[in-house]
Amino acid sequence: MIKLMAAALWISIATTGALIFSFQSATKDDTEEEAQATAFAGLDYVRTGIISVPIFENGKVHGYFLARLVYTAEGKRLAQLKLPAEALLSDLVYTHLYGHPEIDFTSRKNFDVDSFRETLRAGLNERIGEDLIREILVEQIDYLPKDQVGTSQTKTAASEEPR
């Protein structure tokens, strides 16, 4: 009888200990999880659509700046934003390009990609009000002159007329 009572007491203590441990590990602080966000876990990579910015000079369109960007952020915090980060990012691209008229898109010599990315990241975090965006990655940057818009350099088989 004493062995049965000791076994019951042992099972009760082990079960209570397991329950306490599971509740403590389940209610970890979100700050600990955010601090552990790395390139391998905890960050979302969000790819933007193509951002097309018309380039004006003397009231006429001379071409289009095209960019496709990827930004990294913590997914849980990103989902809580009321205004999509992509809309803010597009606005910052326009603001940066129109705020720096000295950029000559026909020549890539005076366009600093690293400065462009850092300006966008800092501006986006400033508008959001916290350090949410970890990095801006450039997937594609192009300049398309106005005379090349709508033209194709190669003919496709579908566009050729049957003879």
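Every value quoted in this text rests on a predicted model; they were computed, and no experiment measured them.

**Details of the overall build of the chain**
Inference 1: Across its full length, the chain holds five helices and four strands.
Inference 2: Mapped from its N terminus to its C terminus, the chain presents α and β elements in the order α-α-β-β-β-α-α-α-β.
Inference 3: Taking contacts inside the chain between residues at least 6 apart in sequence as the whole, the part at least 24 apart equals 64%.
Inference 4: In the structure as shown, the chain presents an accessible area of about 12000 Å², 56% of it carried by carbon and sulfur atoms.

**What about the packing of helix α4 (residues 85-99) against helix α5 (residues 113-128)?**
Inference 1: Relative to each other, α4 and α5 sit at 130°, their axes nearing to 10 Å. When the axis of α4 is compared with that of α5, the two are oblique. In this structure, the crossing between α4 and α5 has a hand that is right-handed. Where α4 approaches α5, its residues A85, L88, L89, D91, L92, V93, H96 and L97 are matched on the opposing element by F116, T119, L120, G123, L124, R127 and I128.
Inference 2: Looking at side-chain class alone, the contact of α4 with α5 contains ten nonpolar, three polar and two charged residues.

Conventions we followed
Residues numbered from 1 in each chain as written. Predicted model: local features only at pLDDT ≥ 70, side-chain atom pairs only at ≥ 80, totals over all residues. Heavy atoms only, no water. Helix = DSSP H or I, 4+ residues; strand = E, 2+ residues; numbered from the N terminus. Contact = heavy atoms within 4.5 Å. Areas by Shrake-Rupley, 256 points an atom, 1.4 Å probe, with all protein chains shown as cover. Axes fitted to C-alpha atoms, helices over the stretch in contact; angles between N-to-C directions. Parallel < 35°, antiparallel > 145°, perpendicular 65-115°, else oblique. Left-handed = near helix turned anticlockwise from the far one by under 90°. Nonpolar A, V, L, I, M, F, W, Y, C, P; charged D, E, K, R; others polar.

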